[in-house]
Amino acid sequence: MKILLRLALVSMLFSFTNLSFAQETESVFSSMVGDCEVILLSDGQGQANTEFLIGVTAEMLKECVPSGTFPIAVNAFLVKTPEKNILIDTGNGAKLFENLSEVNVNPLEIDAILITHMHFDHIGGLLANGEVMFPNAELYTAQAEHDYWTSGEGGGFDLARTVINAYKDKLILFEGVSLDDEDTKELIHSVVAISTPGHTPGHTMYIIGSGDNQMMVWGDLIHAMAVQVPYPQVAVTYDVDPKQAVKSREKAMEYISKNNVPIAGMHTPFPGMGKIKSEGTGYIFEEIK
Ligand SMILES: [Zn+2]
């Protein structure tokens, strides 16, 4: 029953990609970033087809996806700083609570939840049957994200508004900084919020740590690792503004590769983390070992 529900929820998101979640992987993976532990909490992964890509050529597909499908995951991340337990997104909620229990963290011990954007596969774990699942957490989301999702009706708008209302006493709205800003202010201990609009108007990446010990939790900067890493100019039909999403991605990829900052991605297959290196006109990805 649980598995059926999970498949139903995930297939809602990737409804026209024929995503199959037949492939099971490990659910948690941990990496230290300075004095913070960043833990992947996987909601599962499977194969997606290429129908949701925009601006992709036959040559790119032949080179990057010869089989016609590529792996894609749904992930959230837990950041344990010396003082706080911080969740970055919640996945669709399918395995979140199981995963938290596996790493011995009670939902009541989550102090803050940082949202990259308000699509279902990122905020699905915040409520269960309309009930707030993290009553002791403050919920951080970009002002632009809040404004967008409270401006419309139906589908994703209704879901986001329900979450916003349920957490209204705990809601913290912020303006993310740009990657060009010299003066980067911490949103919360060890975390800076970086505005990367396009996929959604308030899409935000979070950089954890400082100096040589950093990790960029990039949300949905990339959905299709197989195609958008070598070709960041490819967008997806889920992008609210595909052109702006490409601009944000190109800028972020340049920054990440130049500064050699490891990344963690919400749709990056297990273990969900790795390094981006510049190669030719695009980039390559190396998984964290
Ligand atoms: Zn997503």
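Residues numbered from 1 in each chain as written. Predicted model: local features only at pLDDT ≥ 70, side-chain atom pairs only at ≥ 80, totals over all residues.

(A) View of the overall build of the protein. The helix and strand inventory of the protein stands at 8 helices and 17 strands. The C-alpha atoms of the protein give 18 Å as radius of gyration, which agrees with the globular expectation for 289 residues (19 Å, within 12%). Taken across its 289 residues, the protein has 49% of its residues classed as buried. (Helix = DSSP H or I, 4+ residues; strand = E, 2+ residues; numbered from the N terminus. Rg over C-alpha atoms; globule rule 2.2 N^0.38 Å. Buried ≥ 20, exposed ≤ 12 C-beta atoms within 10 Å, placed from the backbone.)

(B) Structural view of the pairing of strand 12 (residues 204-210). Among the 7 residues of strand 12, 6 are classified as buried, and the element is accordingly described as predominantly covered. Relative to strand 13 (residues 213-217), strand 12 is paired through 5 bridges, and the arrangement is antiparallel. Within strand 13, the residue paired with Tyr206 across the bridge is Val217. What sits between the antiparallel neighbours strand 12 and strand 13 is a turn of 2 residues, in which Gly211 has the positive phi angle 55°. (Pairing = 2+ DSSP bridges.)

(C) The arrangement of the sheet that holds strand 10 (residues 171-174) in detail. As summarised here, the arrangement of the 7 strands in space is 1-2-4-5-6-9-10, forming an open sheet in which the pairing is mixed. The sheet is open, and its two edges are formed by strand 1 (28-33) and strand 10, each paired on a single side. Between one strand and the next, the sheet's axes are offset by a mean angle of 25°, whatever the strand orientation. Strand direction decides the pairing type here: strand 5 (residues 85-88) and strand 6 (residues 112-114), joined by 3 bridges, are parallel. (Axes fitted to C-alpha atoms, helices over the stretch in contact; angles between N-to-C directions.)

(D) View of the sheet that holds strand 17 (residues 282-287). Read from one edge of the open sheet, 6 strands run 11-12-13-15-16-17, paired in mixed fashion. Every other strand in the sheet has two partners, leaving strand 11 (191-195) and strand 17 as the edge strands with one partner each. Two elements, strand 11 and strand 12, share 5 bridges in a ladder whose sense is antiparallel. Counted as the bridge partner of Ile194 is Met205 from strand 12. Contacts between helix 8 (residues 242-258) and the sheet are confined to strand 12, strand 13, strand 15 (263-264), strand 16 (273-279) and strand 17, with strand 16 contributing the most and set at about 100° to the helix. (Contact = placed C-beta atoms within 7 Å.)

(E) Spotlight on the environment of Glu63. Tracing the chain through its elements places Glu63 in helix 2 (residues 58-64). Assessed through the 13 C-beta atoms surrounding it within 10 Å, Glu63 is described here as partly exposed. C-alpha of Glu63 to C-alpha of Val132: the two residues are 69 residues apart in sequence and 45 Å apart in space.

(F) Up close: helix 6 (residues 155-166). For helix 6, built from 12 residues, the straight-helix expectation of 16 Å at 1.5 Å per residue is met to within 8% by its first-to-last C-alpha distance of 17 Å. Those residues of helix 6 that sit buried are Ala160, Val163 and Ile164. Taken down its axis, helix 6 places every buried residue within 100° of arc, on the same side. Within helix 6, the exposed residues directed more than 90 degrees away from the buried face are Gly155, Asp158 and Asn165. (Expected span 1.5 Å × (residues − 1). Arc of directions from axis to C-beta.)

(G) Structural detail: the pairing of strand 17. As paired elements, strand 16 and strand 17 share 6 bridges and run antiparallel to each other. Across the sheet, residue Gly274 finds its bridge partner in strand 17, namely Glu287. In textbook terms, the turn of a hairpin is the stretch between consecutive antiparallel strands, and for strand 16 and strand 17 this stretch comprises 2 residues, one of which, Gly280, has a positive phi near 60°.

(H) Broad picture of the nonpolar core. Counting residues in hydrophobic clusters, the biggest one holds 80 residues, and the most contacted among them are Phe77, Ile113, Ile208 and Val217. Looking at this core element by element, the count peaks at 8 residues for strand 4 (residues 69-80). Beyond its immediate stretch of four places on either side in the chain, Ile113 contacts Leu87, Thr90, Phe134, Ala137, Leu139 and Tyr140. (Core = buried A, V, L, I, M, F, W, Y, C linked by C-beta atoms within 7 Å.)

(I) Spatial organisation of unusual backbone geometry. Geometrically, the link from Phe270 to Pro271 is a cis peptide bond, its omega value of 10° lying close to zero. By secondary structure assignment, the location of Pro271 is in the loop between strand 15 and strand 16. Phi is positive for Asp89, close to 65°, though the residue is something other than glycine. The exposure class of Asp89 is buried, given the 30 C-beta atoms found within 10 Å.

(J) Summary view of helix 8. Helix length check: helix 8 (17 residues) gives 24 Å between terminal C-alpha atoms against 24 Å at 1.5 Å per residue, within 8%. Among the residues of helix 8, Ala245, Ser248, Arg249, Ala252, Met253 and Ile256 are the ones counted as buried. Buried residues of helix 8, viewed axially, fall in a sector of 130°; they line one side. Exposed side chains of helix 8 directed beyond 90 degrees from the buried face belong to Lys243 and Lys258. Taken together, the buried residues of helix 8 touch strand 12, strand 13, strand 14 (235-236), strand 15, strand 16 and strand 17. Count one or two residues on from helix 8 and you reach Asn260, which has phi positive near 55°.

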